[in-house]
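Observations on the three-dimensional arrangement
What follows is the residue order along each chain.
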Amino acid sequence: MPSTWSGLATLQGLFFRQLVRKTPKAYCLLARGLLCVQLCLLSTVSLAQESITYDVQGVEDAKLRNNIRLHLGGLDVEKALLTDPYWQDEVAETVATAVQPYGFYNSETKVRIQEGNRVTVTVALNTPLTINKVTREIIGAGREDKAFRERFNSLKLKEGDVLNQTVYESFKSSMFNYALSNGYFDYFWQATRLDLVRGEKQANVLLIAQSGPQYKFGELKFVGEDKAKAIIKRLKPFKTGDAYSSSVLGDFNRRLNQSGYFNRVIARPVVSDAEGLLVPIEVSLQHRPTDAFDVSVGAATDTGPRVRLGWERPWVNDKGHSVSSDIFISEPEQSVTADYRIPMKNITRDYASIEAGYQFIEYANTSFESETLSLSAHRYTQQDDSPWQHDYSVTFLRETYDQGDLDTNTTSLVLPGYSITYRNKDDELNIRNGTYFQALVQYGKEGFGSDIDYAKTAVEAMLIRTYANKHRITLRGEIGAIKTNSFDDVPASLRFYAGGDQSVRGFKFRDLSPKADVINPETGKLDVESIGGKYLVTSSIEYAYSIADNWRIAAFVDAGKAANDISDSLAYGIGPGVHWLSPIGAVRVYLARGLSKQENDWRIHFILGPEL
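Since the structure is predicted, the reported quantities are computational estimates derived from the model, not experimental observations.

Quick look at the overall build of the chain
- Across its full length, the chain carries 8 helices and 27 strands.
- Burial statistics for the chain: of 612 residues in total, 42% are counted as buried.
- Within the chain, residue pairs in contact and separated by at least 24 positions form 54% of the contacts whose partners lie at least 6 positions apart.
- Counting only carbon and sulfur atoms, one obtains 54% of the accessible surface of the chain, whose full area is about 32,100 Å².

Some remarks on the side chain of histidine 605
- Along the polypeptide, histidine 605 turns up in strand β27 (residues 600-608).
- Note on histidine 605: relative accessible area 1%, which makes it buried.

Describing the sheet that holds strand β7 (residues 216-223)
- The strand order across the open sheet built from 3 strands is β7-β9-β8, with neighbouring strands paired in mixed fashion. The open sheet terminates on both sides in strands that have one partner only, identified here as β7 and β8 (262-269). Within the sheet, the average angular offset between the axes of one strand and its neighbour, ignoring direction, is 20°.
- Relative to strand β9 (residues 278-287), β7 is paired through 6 bridges, and the arrangement is parallel. For phenylalanine 217, the partnering residue across the bridge sits in β9 and is valine 279.
- Relative to β8, helix α8 (residues 246-258) is tilted by about 165°, and along the sheet it contacts β7, β8 and β9.

Things to note about the pairing of strand β12 (residues 322-330)
- When strand β11 (residues 304-313) meets β12, the two strands line up antiparallel, connected through 8 bridges. By the bridge assignment, tryptophan 311 is partnered in β12 with serine 325.
- Bridge count for β12 against strand β13 (residues 333-343) is 8 bridges, and the pairing is antiparallel. Bridge pairing in β13 links serine 324 to aspartate 339.
- Turn length for the β12-β13 hairpin, with the two strands adjacent in sequence and antiparallel, is 2 residues.

Comments concerning unusual backbone geometry
- The phi torsion at asparagine 469 lies on the positive side, around 60°, for a residue other than glycine.
- Counting through the fold element by element, asparagine 469 comes out in the loop between β19 (454-467) and β20 (471-484).
- Relative accessible area serves as the criterion here: at 54%, asparagine 469 is assigned to the exposed category.
- We note that arginine 510 has phi near 60°; this positive angle belongs to a residue other than glycine.
- Within the secondary structure layout, arginine 510 lies in the loop between β20 and β21 (515-519).

Looking at the pairing of strand β5 (residues 188-197)
- As paired strands, β5 and strand β6 (residues 202-212) are joined by 9 bridges and run antiparallel to one another. Each bridged residue has a counterpart across the sheet, and for threonine 192 the counterpart in β6 is leucine 207.
- Hairpin connection from β5 to β6: 4 residues lie between these consecutive antiparallel strands, with lysine 201 at a positive phi of about 55°.

Things to note about the sheet that holds strand β1 (residues 53-57)
- Taken in spatial order, the 3 strands line up as β1-β3-β2 in an open sheet, and their pairing is mixed. In this open sheet, the two strands that pair with only one neighbour each are β1 and β2 (108-113). Adjacent strand axes in the sheet meet at a mean angle of 25°, parallel and antiparallel pairs treated alike.
- Taken together, the 5 bridges between β1 and strand β3 (residues 118-124) define a ladder with parallel strand orientation.

Quick look at the confidence of the model for the chain
- On average, residues of the chain score 84 in pLDDT, and 87% of them reach the 70 mark or higher.
- In the model, residues 1-49 has pLDDT below 50 throughout and makes 36 contacts with residues more than four positions away in sequence or in other chains.

Observations regarding helix α6 (residues 165-181)
- With 17 residues, α6 should cover 24 Å at 1.5 Å per step; its first-to-last C-alpha distance of 24 Å lies within 8% of that length.
- Lining the buried residues of α6 we find α5 (146-152), β5 and β6.
- Backbone geometry just after α6 places glycine 183 at a positive phi near 90°.

Observations regarding the packing of aromatic side chains
- Tallying each qualifying case throughout the model produces 23 aromatic pairs.
- Between phenylalanine 185 and tyrosine 215, the ring centres sit 5.4 Å apart and the planes meet at 55°, which makes this aromatic pair tilted. Of the two residues, phenylalanine 185 is situated in the loop between α6 and β5 and tyrosine 215 in the loop between β6 and β7; the sequence distance between them amounts to 30 residues. This pair shows no difference in class: phenylalanine 185 is buried, exactly as tyrosine 215 is.
- Pairwise contacts between aromatic rings join Phe148, Phe152, Phe171, Phe176, Tyr178, Tyr184, Tyr187 and Trp189 into one cluster.
- Positioned over the ring face of tyrosine 351 is arginine 341, at 4.0 Å from the centre of the ring.
- Taking NZ or CZ as reference, arginine 495 lies 4.5 Å from the ring centre of phenylalanine 487, over its face.

Looking at a nonpolar patch on the surface
- Together, Leu463, Leu475, Ile541, Val557, Leu570, Tyr572, Ile574 and Leu595 make up a nonpolar patch on the protein surface, roughly 600 Å² of accessible area in all.
- Mapped onto the secondary structure, tyrosine 572 falls in strand β25 (residues 571-582).
- Overall, tyrosine 572 belongs to the partly exposed group, its relative accessible area being 38%.

So, the pattern of salt bridges
- For the structure on display, the rule yields 18 salt bridges.
- Put simply, glutamate 312 and arginine 288 hold a salt bridge, and the shortest N to O gap is 3.2 Å. Pair noted here: glutamate 312 is in strand β11 and arginine 288 is in the loop between β9 and β10 (292-300), with a separation of 24 residues, a long-range link.
- On the basis of relative accessible area, glutamate 312 is assigned to the partly exposed category, the value being 27%.
- Of the charged contacts, one joins arginine 505 and aspartate 558 as a salt bridge, the two residues approaching to 2.7 Å between their closest N and O atoms. Taken together, the residues span a long stretch of sequence, with arginine 505 in the loop between β20 and β21 and aspartate 558 in strand β24 (residues 551-563) at a distance of 53 residues. Considered together, arginine 505 and aspartate 558 belong to a single accessibility category, that of buried residues.
- Through salt bridges with shared partners, a single ionic network connects Arg476, Arg505, Glu542 and Asp558.

Calculation criteria
Residues numbered from 1 in each chain as written. Predicted model: local features only at pLDDT ≥ 70, side-chain atom pairs only at ≥ 80, totals over all residues. Heavy atoms only, no water. Helix = DSSP H or I, 4+ residues; strand = E, 2+ residues; numbered from the N terminus. Buried < 20%, exposed > 50% of the residue type's maximum accessible area, 1.4 Å probe, protein only. Contact = heavy atoms within 4.5 Å. Areas by Shrake-Rupley, 256 points an atom, 1.4 Å probe, with all protein chains shown as cover. Pairing = 2+ DSSP bridges. Axes fitted to C-alpha atoms, helices over the stretch in contact; angles between N-to-C directions. pLDDT = per-residue confidence, 0-100. Expected span 1.5 Å × (residues − 1). Phe/Tyr/Trp six-rings, centres within 6.5 Å; stacked < 30°, edge-to-face > 60°. Lys NZ or Arg CZ within 6 Å of the ring centre and 35° of its normal. Patch = residues over 30% accessible without salt bridge, like charges linked within 9 Å, V, L, I, M, F, W, Y side chains within 5 Å. Salt bridge = Lys/Arg side-chain N within 4 Å of Asp/Glu carboxyl O.

Here you go:
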């Protein structure tokens, strides 16, 4: 039922219409204006009404239909008032306004009141205006610029097309932005006109652009400390005198921010300081502190709690050399590494590295104890548009170890090597989609710095994908092989092992490998323990389902082995798990059943830390 105010508004509408019929034209306009004001005031103070739902018919194009609904939604009118011809005219005018930008200047609209709160609006678009003539002209340096001309001639409105004002206006705006982005800082539209010949249902387009000259990249101007001049100039992807381009400048900013030398850095053009057509590029920067420290923690059933302490000095000299060091501590493993990095041509992706390290490892269930000293030189390269990183290396390794029934042994190796790595993930802590791949080859020759002939190859990969925000699939695999003339002298740290949190769940860390009898020094009894193998193969598939914002349930199947005979049977691990997406990364807990000829048992695996 219409409200009292609605009824009053209707009566007043009848009064004004009678007044209009008996008064001059000027008074008619005044009366209609007063009626509009009165109705608006009455509508404002009326009781709250439910919004009207407009059912638009006669328009097939979804974009056009949505635009009509959007315009009608802005009308502030009660349904009861739509029986008034004045408000029906307002609806028709609103529809006409919505369809005119798409070339329909002769539309007709009928309004029909339905039950409930629905109103049917039937629209006859009639014949649209079409493009009769398009006149375009470039004045200035842009006329001789092929890319500029192609962009200017890319207007989608052609002769015979239905007029679309949104395309026309969008082109003018995008052309202006294109000009500024490519160094035409004096660009302006000298003339733009859209002539509508409604009687002939045609439109004419006129576009005359004054491009002005194209400005060039000038010299760099530094704001703040300038010790990074040499580094920044090497990162610069343009030369003085090159045509200005905002995309090239954006690439420059990206390189600066990815270099790792600055807390804050931005490069921008200063057009007001241009010398002729050379625009200086102002670089505002703030260097990173002289020393930076970080601490990271993690935990797993394989290693127990672990802590990594990091230190970095990003500026050793003005050439951008840097030095860093890491200390890693867990119950079975402790290590110290130092890395001196020398940037090459592409500082962020192309560099040389000299690494030195000491590592002590003692795994209780493998009779494995070793001390390793290493010194290696690496040359890392990566193309700008490529996700693949190449690592060419030479490593000197000297390892003293006790392994199985062997006496204490020391082996020295000089190992030229190569690896290729691909890593991509959508988050550092809680990964929804990620890909990892690495392939490694190392080779050592007896008599050339190595005590034995040694060749090793290994490939590992992981794929993580999430579908429909609920279903998460993780695939993981690894294969490897060692060829040598004396496997007994291969350092224990270079042999293959399987089993554990990141391998085959359901088994102890490094428990899947060839075994040997070892006397336990604490008990004096003979124990059977892992000593590592020549071959490795593992695979895993895991499915996880999101049951809440930060919780997933999971199920997995793992398979793998480390062996001296490739024909040895595989071991399997199966079981359920749960993931908690904590603020410090994913916490994953699994109950795993190990299945093999030697063992069938349950184990709990706890993992805190990134998967990739």
